[in-house]
Protein chains: 4
Amino acid sequence: MPDHDDLMIGEFPFLPKQERAQQKRNALLESGQTLFISKGYEQTTAKEIAAHAGVATGTFYRYFSDKRQLLMSLLEDKLDKLLPPEPNWVSCDPVSLLSSLLEAHNKRLNELGIQRVLPELVLKDPSVAEFLGEARRKIHSRILLGLKQAEEKGLTWEDLDLETVSWAILVIVENGHGKEGQTGKRADFQEISKVICRMVFPPDVLQQLQNADETNNRNNS
Amino acid sequence: MPDHDDLMIGEFPFLPKQERAQQKRNALLESGQTLFISKGYEQTTAKEIAAHAGVATGTFYRYFSDKRQLLMSLLEDKLDKLLPPEPNWVSCDPVSLLSSLLEAHNKRLNELGIQRVLPELVLKDPSVAEFLGEARRKIHSRILLGLKQAEEKGLTWEDLDLETVSWAILVIVENGHGKEGQTGKRADFQEISKVICRMVFPPDVLQQLQNADETNNRNNS
Amino acid sequence: MPDHDDLMIGEFPFLPKQERAQQKRNALLESGQTLFISKGYEQTTAKEIAAHAGVATGTFYRYFSDKRQLLMSLLEDKLDKLLPPEPNWVSCDPVSLLSSLLEAHNKRLNELGIQRVLPELVLKDPSVAEFLGEARRKIHSRILLGLKQAEEKGLTWEDLDLETVSWAILVIVENGHGKEGQTGKRADFQEISKVICRMVFPPDVLQQLQNADETNNRNNS
Amino acid sequence: MPDHDDLMIGEFPFLPKQERAQQKRNALLESGQTLFISKGYEQTTAKEIAAHAGVATGTFYRYFSDKRQLLMSLLEDKLDKLLPPEPNWVSCDPVSLLSSLLEAHNKRLNELGIQRVLPELVLKDPSVAEFLGEARRKIHSRILLGLKQAEEKGLTWEDLDLETVSWAILVIVENGHGKEGQTGKRADFQEISKVICRMVFPPDVLQQLQNADETNNRNNS
DNA sequence: GATGAATGAGATTTCATTCAT
DNA sequence: GATGAATGAAATCTCATTCAT
């Protein structure tokens, strides 16, 4: 349980009660996250979480009604960080834009790690499944919307099935974080972006967008 | 499990002992699979599996050292069915080829269902993780090989990063089965195939392959 | 866990499964009863009951879903023994009849002991309260019925309120077992019976009944 | 417990400290009583009592060493109210005297309610049992004393066993409060009194006492 | 081999009591 | 004195695994 006040010599190690309680709650949340990620949800006990957070078993139940609720709190806290950002396809070079978005999203996911427990929970707890499904639908419709705007401007392949492409993008984005560990090679966001862009834009449009972007940059500097 | 054979004095039991034991083992495997899929691995007890298979709890432990080993046996038995087939890109219309392969693979996955428990186990049991990683690497290299052959024949985009594309295909294939439930629309294998082909082949090559295919079919008939 | 078979040398120490299980169930019931009576319901833990019955904690839960259910089983098993017998006022000397009934009932209660925990449970568990109330109503109406028959024969005090008297008798009978411990004197069933009879019969009727009884006895011998 | 006095600068707090402490103690006692009666002793937690009394959990332990001690204080405070009044059999109509005494006692018991938890505690805490036994003995000897005076004046049945009758009266009085709920009819104190009087006095004596009472009343008015 | 009752370690959860603030 | 968060012992209950029959 880190307590920064301890380091401030000359001050009373005083925190208003609410804040201290918040600290403890957070310590429990963090410990829960850490242990869930490293051992899985079922393999982690409430006692362990409490011990890891440096509090007694009973304290766990002051802040959370049970393990499940701690997890749900974690999910709610972190949901926005799990969602990939919404790309704006038009204004600049789509490949490098996507690449940096992917890299940032990937970094966030790896820092978070919580997504690794989710598949375990989908089977055991329908409400988690519901929760995740909702989130996925949200992301999917975001991606779909971006694609639609690009399509309206005549930038995409002519016979593009937006539903399917946006779903494919979703899947690629969601699984990007795992590329390295499972195929032995570090994720190459630049290449992934190229693949995605190729699904969306014909080569000439892509070239055009990239040229416009370069011009843009030259004018700006 | 009532066994009327015991009552037929003077007849040979219809199955030699070893085979009857095999039957029990298989019943347990099937029950394990069914229950793991519907309730998750941790939520399924050895007693339940035994009861579902129509044998006594203790019998479970005659055939499997524990729950984990039953699962590993399941995985080994079914692994080949989890692997998607290796596409041969050259000989026919890639889109319809892929489409039918995807559909067949998807059907197998849904019949199997076992893949749904795997994420739960990856964290709990490193050997499962190892096992799965191995399988994925195998599939990945199959896909990669197919792509390489296409590339050597000059069929693919010029600047194609084969590693990345094959990884993207892997991800799409692996997640294809879940498309429907999660985005509200039934999986459309035709469209998915088109997307994948667009990642791999330039439009003119694709057209050419499809024409060749049609010619082929006409000649054949 | 007493096992009488151990003492039968030369016999197989064999009991059919059901009987053995019954034995264990009974051992648990008895242990529950003993401990509930000596320590109270709340003060007795499932673990203790199991240990006292010579079985493991888990075995307790094989036979009873929880402590409460064991108690309810006890109550159902013993309810008929808790009910006082129905007196037949007419056929013989009411005082000695009542006296022997009271003594027998009292002996049964003391052997049983379970009634001592009931008050504790009435507050905690409304279903126990309901259960007991039902039993009391049954006894009460039995007593009332006996009184009515006596009244119809013109044997009782003229202005007798049957409801009230039967209630008073119920209360006296129910509390008879506790007389000794709480007032320092052994229960004197003969005297209690006299008191009850005085509530019901005028002295002359009582005398008459007793005389008739004596005549009866003389004729019988 | 909001306390506006703290805000009135320059005024003496309305209550000296000790008295305010007394108030808290009393609030705790009352809350304990209320909750014990409605939920039972074991089912009531110290935290609940404190919350109900409007003080912090810790404050509970400033005034009482533990839950048990709060209960004992309750008992000591209320014991005199639990004791039924001592009847004076001679000076007036015993039936109506008893009737009004019974009614008053019954009302007190119902207001108090604490007697309902006692059975739960007798088994758990021998000192409570001791305490209650002492109280019962006290009441019993009071009743016995009254009967003896009546006997000395030759008012009672000739062969009356005073011990037994006084015990029977005690039991009836103690259980009177529960008559209604358990037999479906409201307690009828007049009838109960008649029953008790019939146990004690022969009809002619009773008549005589009632006549004397009427004469008394006529003379007084 | 088969059975399923028995085991007991371990997870979840509660609550009387303490103690830093 | 008052507070209420924290404690941790203890109760309830589950289930993988064993073993007598």
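Given the structure is predicted, the values throughout are model-derived calculations rather than measurements. The numbering scheme is per chain: residues are counted from 1 as the chain's sequence reads. Labels follow written order: the first chain is A, the first ligand is 1, and so on. Only residues with pLDDT of at least 70 are given local features in this predicted model, and only at 80 or more are side-chain atom pairs given and counted; all residues enter the totals for whole chains, interfaces and linings. To obtain the side-chain values, all non-hydrogen atoms of the structure were used and water was disregarded.

> Describe the interface of chain D and chain C, naming the residues involved and giving the relevant values.
Taken together, the contact between chain D and chain C spans 40 residues of the former and 41 residues of the latter. Approximately 3800 Å² of surface area, both sides summed, lies buried where chain D meets chain C, with 64% of it carried by carbon and sulfur atoms. Between Lys or Arg on one side and Asp or Glu on the other, a salt bridge is scored when a side-chain nitrogen of the former is within 4 Å of a carboxyl oxygen of the latter. Here chain D is connected to chain C by four salt bridges. The closest approach of N and O atoms between Asp159 of chain D and Lys194 of chain C, which form a salt bridge, is 3.8 Å. Residues adjacent in sequence count toward polar contacts only when both atoms are side-chain atoms; beyond that, a polar contact is any pair of N or O atoms within 3.5 Å, and within protein one must be able to donate a hydrogen and the other to accept it. For the interface between chain D and chain C, the tally reads four residue pairs in polar contact (both at pLDDT 80 or more). Numbering goes from the N terminus for both helices and strands, where a helix is a DSSP run of H or I of at least four residues and a strand is a run of E of at least two. At the level of secondary structure, the elements contributing two or more residues to the side of chain D that touches chain C comprise helix 1 (17-39), helix 6 (118-124), helix 7 (126-152), helix 8 (162-175), helix 9 (179-183) and helix 10 (189-200) of chain D. The element contributing the most residues to the side of chain D that touches chain C is helix 8 of chain D, with eight residues. Ten residues, namely Ala, Val, Leu, Ile, Met, Phe, Trp, Tyr, Cys and Pro, are considered nonpolar, four, namely Asp, Glu, Lys and Arg, are considered charged, and the remaining ones, Gly among them, are considered polar. Split by residue class, the side of chain D that touches chain C holds 16 nonpolar, 10 polar and 14 charged. Working rule for contacts: check all heavy atoms of both residues, and any pair within 4.5 Å makes them a contact. Simply put, the buried area is the total loss of 1.4 Å probe accessible area from both parts when two parts are fitted together.

> Break down the relation of the copies chain A and chain B for me, citing the residues and quoting the values.
The least-squares superposition of copies is restricted to C-alpha atoms, and to residues with a pLDDT of at least 70 in both copies. When chain A is brought onto chain B, the operation consists of a screw motion whose angular component is 179° and whose axial shift is 0.1 Å, with 0.3 Å RMSD remaining. This pairing of chains is accounted for by a two-fold axis. Among all residues of chain A, the one whose C-alpha sits closest to the rotation axis is Glu120 of chain A, at a distance of 2.1 Å. When the interface residues of chain A are mapped onto chain B, 95% of them again lie at the interface, so the same face is used by both copies.

> Could you give an account of the interface of chain A and chain B, with specific residues and numbers?
If you look at the interface, chain A gives 42 residues, while chain B gives 40 residues. For the pair chain A and chain B, the interface holds four salt bridges. Between Asp159 of chain A and Arg198 of chain B there is a salt bridge, with the nearest N and O atoms lying 2.7 Å from each other. Our enumeration of links across chain A and chain B arrives at four residue pairs in polar contact (both at pLDDT 80 or more). When residues of the side of chain A that touches chain B are traced back to their parent elements, those giving at least two are helix 1 (17-39), helix 6 (118-124), helix 7 (126-152), helix 8 (162-175), helix 9 (179-183) and helix 10 (189-200) of chain A. Here the side of chain A that touches chain B is built from residues that sort into 16 nonpolar, 11 polar and 15 charged.

> Hey, could you go over the packing of aromatic side chains for me, with residue numbers and the actual values?
Pairs of aromatic rings are described using the distance from one ring centre to the other and the angle between the two planes. Residues and elements named next belong to chain C. Any pair of Phe, Tyr and Trp rings, taking the six-membered ring for Trp, is counted once the centres come within 6.5 Å. Such a pair is stacked with planes under 30 degrees apart, edge-to-face with planes over 60 apart, and tilted for the rest. Applying the stated criterion to the full structure yields 14 aromatic pairs over all chains. The interplanar angle of 50° and the centroid separation of 5.9 Å between the aromatic rings of Phe60 and Phe64 together place this pair among those described as tilted. As far as the burial class goes, Phe60 and Phe64 line up, both buried. A ring has a charge above it when a Lys NZ or an Arg CZ is no more than 6 Å from the ring centre and no more than 35 degrees off the ring normal. Above the ring of Tyr41, the side-chain terminus of Lys67 is found at 4.6 Å from the ring centroid. Exposed residues in this analysis have more than 50% of their type's maximum accessible area, buried residues have under 20%, and partly exposed residues fall in between, with area computed by a 1.4 Å probe over protein chains only.

> Go over helix 7 (residues 126-152) of chain B with me, naming the residues and quoting the values.
The span expected for a helix works out to 1.5 Å for each residue beyond the first. Here helix 7 of chain B is 27 residues long and its end C-alpha atoms lie 38 Å apart, about the 39 Å a rise of 1.5 Å per residue gives. Gly154 of chain B, located one to two residues past helix 7 of chain B, shows a positive phi value of around 70°.

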